[in-house]
Each structure stands twice: as C-alpha cells, then as structure tokens.
Amino acid sequence: MNDMRQMTSLGREIEDKSFSIIDEEAGPHSFSKEEWEVVRRIIHTTADFEYKDITKIHKRAVDSGIAALRSGCPIVCDVQMIIAGLNQERLAAYGCKTYGFISDEDVIRTAKEKNSTRAIESIRKAHTLGLLNGAVLAVGNAPTALLEIERMIREENAKPALVIGVPVGFVSAVESKEVILTLESSDTLSTPYVLTRGRKGGSTIAVAIIHALLLLSSKRGKR
C-alpha cells in the first residue's frame with residue numbers, strides 16, 4: 001500500500017515539518033519508535049504536549065492493532081463523529097468496515113426502557129451482532145461505552161484486538177480509563193489498549209490513533 005497521507009507534496013512537506021517540531025519540543029520519552037508515531041500524531045492533532053505524559057499504550061497495542069486492521073477487522077465506534085473522521089478509502093484497502101449504533105432506533109428505545117445509556121446499548125448491540133471479538137473498539141466520547149466494554153471483557157469473554165479508550169469529559173471519563181488499565185493485571189483478561197488518562201480525549205484523538213496505525217501498517221509493508 002502506498003503512503004496513506006493523501007496530500008500534495010507541499011502538504012506532506014508541511015506535515016513532516018510539523019512532526020520535526022514536535023520531536024524537538026517534546027524531548028525525551030520512553031515510547032518505542034512506533035508507539036511514538038501514535039503519540040506524535042495525537043499531539044499533531046491537538047497541539048497539546050501533555051498527551052506525551054497521559055497517553056498509555058499497552059505493549060502489544062501497536063502489533064495487535066495493525067494485525068487486526070490487516071485482517072479486515074470491524075471498527076466499532078461509540079459515536080458517529082469517529083466514523084466521519086476516518087478515511088474510508090484507507091480502511092477499505094484492508095476490507096475494514098466501521099460500525100456505530102448509538103443513533104439506531106432500537107438502541108434508543110432499549111436505553112430508555114432500561115434507564116441505561118445509548119452508548120451502553122450500542123456496545124451491547126455490537127456484541128450481539130458478533131462484532132467485538134477481534135475488533136478495534138474506538139471510544140472517544142462516551143465513558144459508559146468504555147465501562148461496558150470492560151464489563152464484557154470480564155464477564156462475557158469479549159476479546160477485542162484493541163481498545164482505544166479516549167473519552168473526554170467530567171463524569172466517569174477518568175474512571176472508565178482506569179478500569180481498562182486494571183485488566184492488565186490479569187493475563188487471561190489482558191487486552192491491548194491505547195488510553196489517555198484523565199479528562200482529556202475526544203473523537204479526534206481516536207481518529208488520530210487509528211490513522212497512525214494505518215500509516216504504521218503501510219510502512220511495515222515497505223520493509
């Protein structure tokens with residue numbers, strides 16, 4: 001697959017210069033070369049260097065995410081904003097499809113009946129449809145979706161290939177990310193993740209992470 005940055009030579013020059021500035025200003029870090037490409041793209045998206053400190057990447061996250069994408073995995077998103085931000089042509093090259101059920105009528109109805117949230121019920125619908133195992137799960141807005149993913153991993157043996165947990169907000173955003181980190185304490189439940197600890201995050205962060213993995217996959221293909 002060719003360079004997946006679909007831009008002109010001038011655009012590529014500007015992006016490369018931006019990354020050089022980020023490398024210089026960020027200073028030392030403990031990320032591997034490929035992990036840093038993920039974090040650097042988050043910083044590029046936000047112009048916020050705090051992400052160097054709050055981004056946590058599971059040791060198998062990059063390998064697992066790339067392998068899943070190359071296998072044409074489902075990409076299950078908590079909100080349509082993530083789907084709208086993803087480059088569908090890049091995903092189609094691997095056969096990946098995006099899914100988001102938060103606005104489905106049955107999801108809304110069930111959430112009202114159970115006094116649940118649409119985010120929770122959308123993740124449950126994805127699980128019912130057999131979309132979670134081997135998937136990349138991207139949560140950028142709804143902490144309750146991330147909490148439900150953690151519950152399904154613990155209680156229903158869900159096995160996503162990668163959890164991107166970057167919900168932004170003030171209610172349960174911090175806690176939802178911390179519970180994903182607790183999974184790493186169990187070998188049987190350990191799930192690869194990319195998280196941003198604390199309140200910061202958002203759909204654009206989830207998009208940046210997926211695009212970084214797609215670019216890393218492209219680079220690996222050239223070796």
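Just so you know, these numbers come straight off a predicted model, no measurement behind them. (Residues numbered from 1 in each chain as written. Predicted model: local features only at pLDDT ≥ 70, side-chain atom pairs only at ≥ 80, totals over all residues. Heavy atoms only, no water.)

**A closer look at the overall build of the protein**
This is how it is decided: We count a stretch as a helix when DSSP gives it H or I for four or more residues in a row; a strand needs E for two or more, and each element gets its number in order from the N terminus. Radius of gyration: over C-alpha atoms. The globule rule applied is 2.2 Å multiplied by the number of residues raised to the 0.38 power. Exposure is judged per residue with a 1.4 Å probe applied to protein chains only, and the accessible area is read against the type maximum: over 50% gives exposed, under 20% gives buried, and values in between give partly exposed. Contacts were defined at the residue level, with two residues in contact if any of their heavy atoms lie within 4.5 Å. Computed by Shrake-Rupley with a 1.4 Å probe, the accessible areas treat only the displayed protein chains as cover when residues are assessed. Charge counting follows a simple rule: Lys and Arg are positive, Asp and Glu are negative, and His as well as the terminal groups are ignored. By convention, charge coordinates are those of NZ in Lys, CZ in Arg, CG in Asp, or CD in Glu.
The number of helices and strands found in the protein is 11 helices and six strands. For the protein, whose C-alpha radius of gyration is 17 Å, the value lies close to the compact-globule estimate of 17 Å for 223 residues. In terms of overall dimensions, the protein has a C-alpha envelope of 55 × 35 × 30 Å along the principal axes. For the protein, buried positions account for 52% of its 223 residues. Sequence separation of at least 24 residues holds for 70% of the intrachain contacts in the protein that already meet a minimum separation of 6. Counting every atom, the protein has about 10600 Å² of accessible surface; 50% of that belongs to carbon and sulfur. Treating the 30 positive side-chain charges of the protein as one cloud and the 29 negative ones as another, the clouds have centres 2 Å apart.

**Let's talk about unusual backbone geometry**
Of note, the phi angle at Asn-115 is positive, near 50°, even though the residue is not glycine. Tracing the backbone through its elements, the reader meets Asn-115 in the loop between helix H7 (105-114) and helix H8 (118-128). Judged by relative accessible area, Asn-115 falls into the exposed class, the value being 70%. Even without a glycine there, the phi angle at Asn-157 is positive, about 60°. Topologically, Asn-157 is positioned in the loop between helix H9 (143-155) and strand S5 (162-165).

**Things to note about the packing of aromatic side chains**
For the record, the criterion: By convention, a stacked pair of Phe, Tyr or Trp rings (six-membered ring in the case of Trp) has centres within 6.5 Å and planes under 30 degrees apart, an edge-to-face pair has planes over 60 apart, and any other such pair is tilted. Here, a charge over a ring is recorded when the distance from Lys NZ or Arg CZ to the ring centre is within 6 Å and its angle to the ring normal is within 35 degrees.
Enumeration over the complete set of coordinates arrives at two aromatic pairs. Between Tyr-99 and Phe-101, the ring centres sit 6.3 Å apart and the planes meet at 35°, which makes this aromatic pair tilted. Take Tyr-99: its relative accessible area is 25%, and that puts it in the partly exposed class. Given a relative accessible area of 10%, Phe-101 falls into the buried group. Residue placement shows Arg-40 over the ring face of Phe-19; its charged tip is 4.4 Å from the ring centre.

**What about the environment of Leu-147?**
Relative to the assigned elements, Leu-147 resides in helix H9. Between the alpha carbons of Leu-147 and Arg-60 there is a distance of 21 Å; along the sequence they are 87 residues apart. Sequence-distant contacts of Leu-147, defined by excluding residues within four places in its chain, comprise Ser-172, Ser-176 and Val-179.

**A closer look at the state of the cysteines**
Under the convention used in this document: The disulfide definition used here is simple: a pair of cysteine sulfur atoms within 2.5 Å.
Going through the model one piece at a time under the given rule, you end up with zero disulfides. Unpaired in terms of disulfides, Cys-77 finds its nearest cysteine sulfur in Cys-73, a separation of 10 Å. Cysteine Cys-96 remains unbridged, with the sulfur of Cys-73 as its closest cysteine sulfur at 4.4 Å.

**A word on the nonpolar core**
Stated precisely, the cut-off is as follows: Think of a nonpolar core as a cluster: buried Ala, Val, Leu, Ile, Met, Phe, Trp, Tyr and Cys residues, connected wherever their side-chain atoms sit within 4.5 Å.
Judged by nonpolar contacts, the single largest core of 69 residues is most densely connected at Leu-69, Ile-75, Ile-164, Ile-209 and Leu-213. Counting residues per element, this core draws most heavily on helix H11 (residues 203-221), at nine residues. When sequence neighbours within four positions are dropped, the list of residues in contact with Ile-75 reads Leu-69, Leu-86, Leu-91, Cys-96, Lys-97, Thr-98, Tyr-99, Val-136 and Ile-210.

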